[in-house]
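An overview of the molecular structure
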Amino acid sequence: MTQEYPAVLTVAGSDSSGGAGIQADLKTFTVHGCYGASVVTALTAQNTVGVQAVHAVPPDFVKQQMRSVLDDVNVRAIKTGMLFDTENTKAVAQMLKGYFDTKGRIPLICDPVCVSTSGHVLLQPEAVDTVIDELFPLSDLITPNRAEAELLLRQRKLPFQITSLEDSINAARRLRTLGPEAVLLKGGHFPVSLTDIANLSSEDTHVIQDNLPDENSHILRIHSRNEQENVDSIVVDVLCASDGRVTLFTRTRLESTSTHGTGCTLSAALACQLARGTPLTEAVRLAGAYTHTGIETASPIGSGFGPLNHIHSITPRLIAPRTKTNPYPLTSSLIKSTTGIWREYVQHEFVVLLGKGTLPKENFLHFIKQDYLYLKYYARAYALLAAKSHAYPSILAATEVVFSIIRESSMHMGYCAEWGITEDELNSTPESPALTAYGAFLIDTGMQGDHTRLSVALAACLLGYGEIGLWLKEEARAPNSWVRWDDNPYLKWMEDYSGDDYQKAVKVGLETLESHAAVDTPSPVRFAEWRDAWERCTRLEKGFWDMAMRLE
């Protein structure tokens, strides 16, 4: 079997309902581009409601299955799941030791399956010591959940209750002393918040945020709250590596009953990644993301805890599907693809000085006059977007933004009137080169015919200013904040862009952009054009701030 299609072996029980065990493993192997082989340790009669019966496979036959596979197939990784009793556990460990001694070590993932979700015993109590003594020393990684971790530690007279993130980290470290190279302690069993993560202060703890909004993504986090109740509640998996370093993998908590076979699926995905030579930390991240999306995109099956969607990754996607925990996948992708320039735009010197209240008056007035002229380009571009729309909701959404822009232009006139600048002076102000370049790009994009590309180009301004408003507002709430809020001469500007009216326009813009992308699936070439339009407009926005600072 080639590296492009590596063989992976699962040694586990059979699930007659197809959601867990070797059935889940083989589906996972296939969608990861691996060849799946299996050794059955036990037959179960089960469904989404529970396990009704278990029939153990004789240990000699378990060994014969392993011998048949390992003597013939060049297996690149192995995972173990339900082993059921001491005899089968000893048989599996004996075969693995012999194989490793003869042909060398390959990655071994041990999922210490002990009890089903419904409470049915899947590993006899007397077999727990055998798993620890004989399998853990052979394992590159073990993947217990909280209940399994507490059971394993209790078995070795290290009783430990896991009720917090700190407990999970300490438990993972204790579990590693039982023999495995590394431990992945699965989370989701108690509430964890972003504040809990921020309060961690350990030099050997690294945090990987997989599907959570990054810095300068306040608009995604705030507006996602309308889509889900627990946007600030997260799940944390804890990896304790062979060198003792701890990595936390954080994801949005999902409220779902499609969780049958989650542990089997995760360990199977890990085996596939390690079979391909993926480093452990990245393997955990990828396997976790695959499993998370499988839960999120699952359709209900059965009347209990149904299986996740194992085949969600079969169809290649340039843009992830919209889900409750990721309602704005295109926008999230665009921001992440331009992290550097997006930060320079949102946290520009102009914005920082404005937040501090120390921005020179002449810079602000120069910006306001140019921005007033820019809004004419912006409104015309949105009018083009309405003209290119073929459905009433899209026409309405673009038109509502035009009205929002007109209200914003009145706000600009109000600013300027406070500073002694008349409407005639505003309209007679010459355009700066930065303004002309930006306005011309928007109109040119609007005339080229790609509806969604124009939506993406327009979004850089709409979403960027919304992000700036929310960023300044959140920073102002921090203790000893650098943002001067109440007596800031530019308070109205900050209130306008962080306020409800503008944020409603941001919400409409997000929905418009994402709905267009959902029905207008792009080719790789068109998607590259969308990203280019986003990046160019983000750079033009930064250039607009540069122009204001230089009084060009």
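Let me sum up the structure you'll find in this document. All values derive from a computational prediction rather than experimental measurement. Within each chain, residue numbers correspond to sequence positions counted from 1 in written order. Reporting of local features is limited, given that this is a predicted model, to residues whose pLDDT is at least 70; pairs of side-chain atoms are given and counted only at 80 or more, and all residues count toward the totals for whole chains, interfaces and linings. Excluded from the side-chain calculation are hydrogens and water; included are all heavy atoms of the structure.

1. Topic: the packing of helix H9 (residues 262–275) against helix H10 (residues 280–296)
- Throughout, an axis means a line fitted to C-alpha atoms (over the contacting stretch in the case of helices), and angles, computed between N-to-C directions, take values from 0 to 180 degrees. Segments assigned H or I by DSSP are reported as helices when at least four residues long, segments assigned E as strands when at least two residues long, and all are numbered from the N terminus. In the contact formed by H9 and H10, the axes pass within 8 Å of each other and the chain directions differ by 140 degrees. Considering their axes alone, H9 and H10 lie oblique with respect to each other. Where H9 crosses over H10, the handedness of that crossing is right-handed. Residues Thr262, Thr265, Leu266, Ala269, Leu270, Gln273 and Leu274 of H9 form the contact with H10, whose participating residues are Leu280, Ala283, Val284, Leu286, Ala287, Gly288, Tyr290, Thr291 and Ile295.
- Any residue outside Ala, Val, Leu, Ile, Met, Phe, Trp, Tyr, Cys, Pro, Asp, Glu, Lys and Arg is labelled polar, Gly included; the first ten of those are nonpolar and the last four are charged. A breakdown of the residues in the contact of H9 with H10 according to their chemical character gives 11 nonpolar, 5 polar and no charged. Orientation categories follow fixed angle ranges, with anything under 35 degrees roughly parallel, anything over 145 roughly antiparallel, 65 to 115 roughly perpendicular, and all other angles oblique. Take the far helix as the reference: if the near one is turned anticlockwise from it by less than a right angle, the crossing is left-handed, and if turned clockwise, right-handed. Two residues qualify as a contact provided that any one of their heavy atoms is within 4.5 Å of a heavy atom in the partner residue.

2. Let's talk about the packing of aromatic side chains
- Between 30 and 60 degrees the pair is tilted, below 30 it is stacked and above 60 it is edge-to-face, where a pair is any two Phe, Tyr or Trp rings, Trp via its six-membered ring, whose centres lie within 6.5 Å. Under the counting rule described, the total for this entry stands at 22 aromatic pairs.
- Note on Phe364 and Tyr490: the rings are 4.5 Å apart at their centroids and 40 degrees apart in plane angle, and the pair reads as tilted. Residue Phe364 is found in helix H14 (residues 361–388), and its partner Tyr490 is found in the loop between helix H18 (451–477) and helix H19 (491–498); the two are separated by 126 residues along the sequence.
- Throughout this description, buried means an accessible area under 20% of the type-specific maximum (1.4 Å probe, protein chains only), exposed means over 50%, and partly exposed covers the range between. When its relative accessible area of 1% is taken as the criterion, Phe364 is described as buried.
- Since its relative accessible area comes to 3%, Tyr490 is described here as buried.
- Ring centres of Phe367 and Phe544 lie 6.1 Å apart, and the angle between their planes is 80 degrees; on these two criteria the pair is classed as edge-to-face. Here Phe367 is found in helix H14, whereas its partner Phe544 is found in helix H21 (residues 524–550), with 177 residues between them in sequence. Like Phe367, the residue Phe544 is buried in the burial classification.

3. Comments concerning helix H15 (residues 392–418)
- An expected span of 1.5 Å times one less than the residue number is assigned to each helix. Spanning 27 residues, H15 covers 39 Å between terminal C-alpha atoms, matching the ideal 39 Å at 1.5 Å per step.
- Two residues or fewer after H15 comes Gly420, characterised by a positive phi angle close to 85 degrees.

4. Comments concerning the environment of Asp101
- Along the polypeptide, Asp101 turns up in helix H3 (residues 86–103).
- Overall, the relative accessible area of 69% leaves Asp101 in the exposed class.
- The sequence separation of Asp101 and Phe61 amounts to 40 residues, and the corresponding C-alpha distance is 21 Å.

Any functional reading would require information beyond the geometric quantities listed.
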